[in-house]
Amino acid sequence: MVRVSSVKEIMSSCVDFSVLERYNDTSGLKRIGSVSEDVRSLFSSEFLKYANGLFFDLKDREIDTVVFSVFLDQNCLDYVLNQLDGKKVLIVVHHFFDIDCGYQESSSGTDSFFCEPELYKRLYASKVQICVLHLPLDINSSRINTHKSFLENVWGAKKLQQAIYSFPFAEMGYYLHLEKEAFNFVEQFDKILYYGNQYANCNDAIQGLRTICDSRPLKVAVWSGMTNTTDILKEMENQKCDFCLCGDVIIRNRSDRSAKVLTYLENMPLNVFCVSHYQSELFALKDLAKKLESLKKDLHVHVIEDKEIWK
Ligand SMILES: [Fe+2]
């Protein structure tokens, strides 16, 4: 048995929670605004203050299992409630609700969740604890962050160490110069989406860039999760990047913002490859799980790992 506080301590040593003070973004609150009051009352005051990326009702109980999951979805809950019986479990989840859904004009709030909001009551009654680690995981100052883990998985830690850590931009992603290994990611993901106007399709784009690679290294911008504004893309263009490798771009909903980004994507010279939001963020959770497992041998640590999810 391990106390939640000692798990929290280990996570705090890997993830920089102080960034939450700087990113006091309460927009997430609007997205859960229409959740019924009794469900809403289950959220801790910390969670309601920041909404995006905080501990959710974390009490210092004894636990025997920590389950990591990118989304708090049915898969995760089935495992915790049905297979583990939920009693002494802490769930560490990257996305508590679908941050993209919140941008839909028609969003009711409740459609932002990956499961029925009522299920939170069942979770609460089962004493399962939930910890949300979105924002701190995104930031470079965290020892484990989504961008770094994504990069290391795609291109290997050793080779990249120098290049990666010296090119952070916008306090989020990284730029790096790559030669032949620039295209290693192609083999690793089942489905890659391509945007840009230089090449007709994904294969053409990869071939075209491979050719450029024969004469000079490519400048690559790497951004795990979602590149969600034209400003980010513009900055990559200004920095003369040959391509951007990211999880996804904000085009899944029918908001004005999505339409604007899609038009921009289709007309810009930058090449953007998306490997799925889920796939790009899973690696950081796996790294965190590995760290926890190595320090707490008597704790069962499990990562919910679904096959390719295009989300
Ligand atoms: Fe994300």
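Remember, predicted model here, so these are calculated numbers, not experimental data.

> If you had to explain the overall build of the chain to someone new, which residues and values would you point to?
Scanning the chain from N- to C-terminus turns up 15 helices and twelve strands. Counting all 311 residues of the chain, 42% fall into the buried class. Within the chain, contacts between residues at least 6 apart in sequence are counted, and of these 73% link residues at least 24 apart.

> Pulling in residues and values, what's your account of the sheet that holds strand β7 (residues 174-178)?
Taken in spatial order, the five strands line up as β7-β9-β10-β11-β8 in an open sheet, and their pairing is mixed. At either end of the open sheet lies a strand with only one pairing partner, and these are β7 and β8 (193-195). Within this sheet the neighbouring strands show an average axis-to-axis angle of 25°, counted without direction. Alignment of strand β9 (residues 218-227) against strand β10 (residues 243-249), held across six bridges, turns out to be parallel. When the sheet's bridge partners are listed, V220 is paired in β10 with F243.

> How would you summarise the pairing of β10 if you had to cite specific residues and measurements?
With seven of its seven residues buried, β10 lies for the most part within the structure. With helix α13 (residues 230-238) bridging β9 and the parallel β10, this β-α-β connection has right-handed handedness. Pairing between β10 and strand β11 (residues 271-274): four bridges, direction parallel. When the bridges of β11 are listed, L245 appears paired with F273.

> Can you lay out the nonpolar core for me, pointing to particular residues and giving the numbers?
Nonpolar side chains tend to gather and get buried jointly when the protein is soluble and globular. One finds I91, V220, V222, F243, C244, V249 and V272 to be the most contacted residues of the largest nonpolar core, which totals 73 residues. When residues of this core are assigned to their parent elements, the largest contribution, seven residues, is made by helix α15 (residues 277-295). Here this core spans two domains, since at least three of its residues come from each of domain 1 (2-138) and domain 2 (146-277). With near-sequence residues (within four places) excluded, V249 lies in contact with Y195, M226, T227, V261, L265, V272 and C274.

> Tell me about the pairing of strand β4 (residues 65-71), and please be specific about residues and values.
Burial runs high along β4: six of the seven residues are buried. Here β4 pairs with strand β5 (residues 89-95) via six bridges, running parallel. Counterpart to F71 in the pairing with β5 is H95. Handedness of the β-α-β unit built from β4, helix α6 (residues 74-83) and β5 comes out right-handed. With four bridges joining them, β4 and strand β12 (residues 300-303) adopt parallel strand pairing. Of the residues in β12, the one forming a bridge with V67 is H302.

> Could you give an account of unusual backbone geometry, with specific residues and numbers?
The phi angle at K240 is positive, at roughly 55°, despite the residue not being glycine. Residue K240 is classed as exposed on the basis of its C-beta count, with 10 C-beta atoms lying within 10 Å. Unlike most non-glycine residues, S276 shows phi in positive territory, near 100°. Turning to its location among the elements, S276 is positioned in the loop between β11 and α15. Overall, the presence of 20 C-beta atoms within 10 Å leaves S276 in the buried class.

> Account for the environment of I212, with residues named and values stated.
In this fold, I212 is placed in helix α12 (residues 202-213). As for I212 and D242, which are separated by 30 residues in sequence, their C-alpha atoms are 9.4 Å apart. Look past the residues within four positions of I212 in its chain and what remains in contact with it is L218 and D242.

> Describe the packing of helix α1 (residues 4-14) against α15, naming the residues involved and giving the relevant values.
Two elements in contact, α1 and α15, have axes separated by 10 Å at closest approach and are oriented at 130°. Accordingly, the angle class assigned to the pair α1 and α15 is oblique. Judged by the twist between their axes, the crossing of α1 over α15 is right-handed. Across the interface between the two elements, V7, I10, M11 and C14 from α1 touch L288, K291, L292 and L295 from α15. For the contact of α1 with α15, the per-class residue count stands at seven nonpolar, no polar and one charged.

> Can you break down the environment of E46 residue by residue, with the values?
With respect to the helices and strands, the residue E46 is situated in helix α5 (residues 45-50). We classify E46 as partly exposed; it has 15 C-beta atoms within 10 Å. It is 10.0 Å that separates the C-alpha atoms of E46 and L58, two residues lying twelve residues apart in sequence.

> Before we move on, could you go through the packing of helix α9 (residues 146-155) against α15 and cite the residues and values that matter?
Following both chains from N to C, one finds α9 and α15 inclined at 100°, their axes separated by 7 Å at the closest point. With respect to their mutual orientation, α9 and α15 come out roughly perpendicular. Across the interface between the two elements, T146, S149, F150 and N153 from α9 touch S280, E281, F283, A284 and D287 from α15. Here the contact of α9 with α15 is composed, by residue class, of three nonpolar, four polar and two charged.

Calculation criteria
Residues numbered from 1 in each chain as written. Predicted model: local features only at pLDDT ≥ 70, side-chain atom pairs only at ≥ 80, totals over all residues. Helix = DSSP H or I, 4+ residues; strand = E, 2+ residues; numbered from the N terminus. Buried ≥ 20, exposed ≤ 12 C-beta atoms within 10 Å, placed from the backbone. Contact = placed C-beta atoms within 7 Å. Pairing = 2+ DSSP bridges. Axes fitted to C-alpha atoms, helices over the stretch in contact; angles between N-to-C directions. Right-handed = clockwise from strand over helix to strand, strands pointing away. Core = buried A, V, L, I, M, F, W, Y, C linked by C-beta atoms within 7 Å. Domains from an automatic or database assignment. Parallel < 35°, antiparallel > 145°, perpendicular 65-115°, else oblique. Left-handed = near helix turned anticlockwise from the far one by under 90°. Nonpolar A, V, L, I, M, F, W, Y, C, P; charged D, E, K, R; others polar.

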